Structures are given as C-alpha cells and as structure tokens.
Amino acid sequence: MRQEATALPLRVDGLRFAAGGVEILRGLDFALVAGAPTVIMGPNGAGKSVLLRLLHGLLEPTGGTLHWSLPRDEARRRQAMVFQRPVMLRRSVLANALYPLRLAGAPRAEQAARDALERVGLAALADRPARKLSGGEQQRLALARAWALRPEILFLDEPTAALDPAATRQVEEIIGAIAASGTKIVMTTHHLGQARRIAGEAMLLLDGRLNAQAPAASFFDAPPTPEAAAFLRGDLLW
Ligand SMILES: Nc1ncnc2c1ncn2[C@@H]1O[C@H](COP(=O)(O)OP(=O)(O)O)[C@@H](O)[C@H]1O
Ligand SMILES: [Mg+2]
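The residue count restarts for each chain, going from 1 along the sequence in the order it is written. To read the labels, note that chains go from A and ligands from 1, taken in the order they are written. Totals for whole chains, interfaces and linings use every residue, but because this is a predicted model, local features are given only for residues with pLDDT of at least 70 and side-chain atom pairs only at 80 or more, for both listing and counting. With hydrogens and water excluded, all non-hydrogen atoms of the structure serve as input to the side-chain values.

(A) Quick look at the sheet that holds strand β1 (residues 10-19). A pair of strands is treated as paired once DSSP finds two or more bridges between them. Comment: elements are numbered from the N terminus, with helices defined as DSSP H or I runs of at least four residues and strands as E runs of at least two. What the three strands build is an open sheet, ordered β2-β1-β4; its pairing is antiparallel. The open sheet terminates on both sides in strands that have one partner only, identified here as β2 (22-32) and β4 (63-67). Taking the axes of each pair of neighbouring strands and ignoring which way they run, one obtains an average angle of 20° across the sheet. As paired elements, β1 and β4 share four bridges and run antiparallel to each other. Of the residues in β4, the one forming a bridge with Arg16 is Gly63. In what follows, residue pairs with any heavy atoms lying within 4.5 Å of each other are defined as contacts. Helix axes use the C-alpha atoms of the stretch in contact, all axes being lines fitted to C-alpha atoms, and the angles between their N-to-C directions lie in the range 0 to 180 degrees. Packed on one face of the sheet, helix α1 (residues 48-56) meets β1, β2 and β4 and runs near 60° to β2.

Pasting the structure below:
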C-alpha cells in the first residue's frame, strides 16, 4: 500500500545472473526512477524475464546488487508482478481480486476488490469462475488484482503476448490507467508498437547486457546506439 516513504529510485549495480554454468545477465548497471513507464525491450532470450524476476525478488542475483530506497522487505511489499499467462485461483473473479487484499490485511477489502474489478471492466463478471474467463479477461483480472494493492511499482512481463489485438488494446488502456494513478510500470515487451505507445523510458537488453536506456522520445526518434537503431529497423532477430 502506498504511504509517504518510497522504494524508488532502485539502483542496480553490476547485476549478474548465471544458471547451469550459463551467464544470462552479464553485469547490468542502471537506475529506475518514479514516473512514466519503463519498457524493457530485446530479442527472445535476451534476459528480460530473468531481469524482471530479479527486480521483483523471485530470483537471487549471482552477482552485483539491487539497492532499493527502502529496506528490502518493505520495498517488496510495495511491488506487484503480472505474468504473460496469469495464474487464477479456482474460485470466482471477485475471490481472485480479494485474495491479495486479504493477505495484505487491507481495510474494506471487498469494496476495494469490487472497485478494482470496476476499473478494468469486469464488475459484471464478479461471480463467474475465474478460469472460465477469456485470456484477455483473465489478464484484466490479473491487473485488477495487482492494482487493488495500489503498488508503488508494478512489473509486467509480456502482459499481452498471448492476447489478440482487441484484448491487447484493452490491456494497454488499463496499463495506461494504472500508470496515471501513480504506479510505476516496469514492463517487458517484444512488441515495438506497444513499446512506443506505453514507454516513457525505453531500455534495450541484448544478450544479457544493457545496450541502451533513454527517454522514449529520444530512444525512438534518435536511437542512442547502433544496435538500438538496428533493433528498431527490425534488423535484429526477435
Ligand atoms: N532459471 C533458469 N535457468 C537456466 N536458464 C534460464 C533460466 N531462466 C532463463 N534461462 C535462460 O536464460 C535466457 C534468457 O531468458 P529470458 O529472461 O526468459 O529471456 P527473454 O525474456 O528476454 O526472452 C534464455 O536462454 C533462457 O533459456
Ligand atoms: Mg521473457
């Protein structure tokens, strides 16, 4: 829940992750600040999902450090994450939205859950079994469930990769509304058009290294590196 203190900026120093003898992230240095969404782009296998999992604390770095502006546990409580394919409890839509609020001991949890469903256009489906929803509806529910907690930071890993264009647009609108409500969005995508629509800041990850980080306007209009230019032209394999 958002309070006066703030977990951002996050500073990342020499961040490394290796598994099975393979270096997946090879020493990243960057900072994430409050404000417009940061979109992390890069070809398949570049390490985007591993990076988000490290930032959210689902994986432990094998080298380097993450410096949150609050103690780690406190920072963790201010973050949420939504995956490409959401995991739904075998219960109603409302019960799914309520679950994290109850866990967090939030006051007036049921009202907060209903409000969150309203904001993503799912209020009328509150009593349906969540697993019977379409893919797009499930992703909107996953976003409502995360948004209900009013996180300071919301990590989104390819949130529309499994969706059709209509559902993608709805999800993008919700992401915009979450950002406008004051939550910092940190999102991966390999969809360039989506990155242009959402990003306030863009990062390019190539082969486990941070190739570029720039405000979206300059990243897209005057790519900061030859690789970013090639990526935007479509010359780098996805
Ligand atoms: N837990 C893991 N153990 C071993 N290898 C992994 C693990 N997670 C991801 N990888 C590998 O790390 C590389 C980067 O993966 P990932 O972060 O999923 O890439 P991206 O999301 O950019 O497509 C891939 O080659 C993947 O197979
Ligand atoms: Mg990925």
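What follows picks up the thread again.
(B) How the structure looks around the sheet that holds strand β8 (residues 201-206). One open sheet holds the six strands; their spatial order is β5-β6-β7-β3-β8-β9, and the pairing between them is mixed. Of all the strands in the sheet, just β5 (79-82) and β9 (209-215) have a single pairing partner and so form its edges. Neighbour to neighbour, the strand axes of the sheet diverge by 15° on average, direction disregarded. Relative to strand β6 (residues 153-157), β5 is paired through four bridges, and the arrangement is parallel. What sits directly across from Met81, in β6, is Phe155. Against the sheet, helix α6 (residues 165-180) engages β6 and β7 (184-188), with an angle of about 145° to β7. Against the sheet, helix α9 (residues 226-233) engages β3 (38-41), β8 and β9, with an angle of about 95° to β8.

(C) Inspection of the packing of aromatic side chains at higher detail. For this analysis, a ring pair means two rings from Phe, Tyr or Trp (six-membered ring only for Trp) whose centres lie within 6.5 Å, classed as stacked if their planes differ by under 30 degrees, edge-to-face if by over 60, and tilted for the remaining angles. Under the defined criterion, the tally for this structure stands at one aromatic pair. Residues Phe219 and Phe220 carry aromatic rings whose centres are separated by 5.3 Å and whose planes lie at 80° to one another, so their mutual orientation is edge-to-face. For Phe220, a relative accessible area of 11% puts it in the buried group. The classification of residues rests on relative accessible area computed with a 1.4 Å probe and restricted to protein chains. Under 20% of the type maximum is buried, over 50% is exposed, and intermediate values are partly exposed.

(D) How the structure looks around the site of ligand 1. Lining the immediate surroundings of ligand 1 are Ala19, Ile24, Pro43, Asn44, Gly45, Ala46, Gly47, Lys48, Ser49 and Val50. Here an oxygen atom of ligand 1 sits 2.7 Å away from a polar atom, N or O, in the main chain of Gly45. Between an oxygen atom of ligand 1 and a main-chain N or O atom of Lys48, the distance comes to 2.8 Å. The method behind every accessible area is Shrake-Rupley, applied with a 1.4 Å probe, and residues are considered shielded solely by the protein chains displayed. When isolated, ligand 1 has an accessible area of 560 Å², and the protein chains bury 56% of it. Any residue with a heavy atom lying within 4 Å of a molecule or strand is counted as near it. Polar contacts here mean pairs of N or O atoms no more than 3.5 Å apart (in protein, one a potential hydrogen donor and the other a potential acceptor; neighbouring residues in sequence count only if both atoms are side-chain atoms).

(E) A look at the nonpolar core. With 54 residues, the main nonpolar core has Met41, Leu117, Leu141, Leu154, Phe219 and Phe220 as its most contacted residues. At six residues, the largest contribution of residues to this core is made by helix α5 (residues 135-147). Residues contacting Phe220, with those up to four places away along its chain left out, are Met41, Leu192, Ala195, Arg196, Ala199 and Leu232. Counting 26 residues, the second largest nonpolar core, distinct from the first, contains Leu32, Ala46, Leu55 and Leu205. Here, nonpolar core means buried Ala, Val, Leu, Ile, Met, Phe, Trp, Tyr and Cys residues that are tied together by side-chain atoms lying within 4.5 Å of each other.

(F) Main features of the packing of α5 against α6. For the pair α5 and α6, the least separation of the axes is 9 Å and the interaxial angle reads 10°. As far as their axial angle goes, α6 and α5 are roughly parallel. Residue-level contacts link Gly136, Gln139, Arg140, Leu143 and Trp147 of α5 to Ala167, Gln170, Val171, Ile174, Ala177 and Ile178 of α6. Per-class residue counts for the contact of α5 with α6 are seven nonpolar, three polar and one charged. Any angle between 65 and 115 degrees counts as roughly perpendicular, while under 35 counts as roughly parallel, over 145 as roughly antiparallel, and the rest as oblique. Polarity classes work like this: nonpolar for Ala, Val, Leu, Ile, Met, Phe, Trp, Tyr, Cys and Pro, charged for Asp, Glu, Lys and Arg, and polar for all others, with Gly in that last group.

(G) Layout of the environment of Gly200. Take Gly200: it is sitting in the loop between α7 (192-198) and β8. Classification of Gly200 as partly exposed rests on a relative accessible area of 29%. For the pair formed by Gly200 and Gly35, sequence separation is 165 residues and the distance between their alpha carbons is 8.0 Å. With near-sequence residues (within four places) excluded, Gly200 lies in contact with Ala36, Pro37, Pro215 and Ala216.

(H) Representation of the layout of surface pockets. Lining residues are defined by having an atom within 4 Å of a point belonging to a cavity or pocket. Those points lie on a 1 Å grid over the protein atoms alone, cavities being sets where a 1.4 Å probe fits but cannot get out and pockets being open sets with protein on both sides within 12 Å along at least five of seven lines. Grid points are joined across faces, edges and corners, and a volume is the space filled by probe spheres set on the points. Of the volumes computed, that of the largest pocket is approximately 750 Å³. In terms of lining residues, the largest pocket is bounded by 26 residues, among which Gln79, Ala80, Met81, Pro100 and Leu149 are the most central. Elements represented by at least two residues in the lining of the largest pocket include exactly α2 (72-77), β5, α3 (93-103) and α5. Taken as a whole, the second largest pocket holds about 180 Å³ of empty space. Leu54, Pro61, Leu66, Trp68 and Arg72 are the residues nearest the centre of the second largest pocket, which is lined by 14 residues in total. Ranked by the residues each element gives to the lining of the second largest pocket, the list is headed by β4, at three residues. Its residues assigned to classes, the lining of the second largest pocket comprises seven nonpolar, four polar and three charged.

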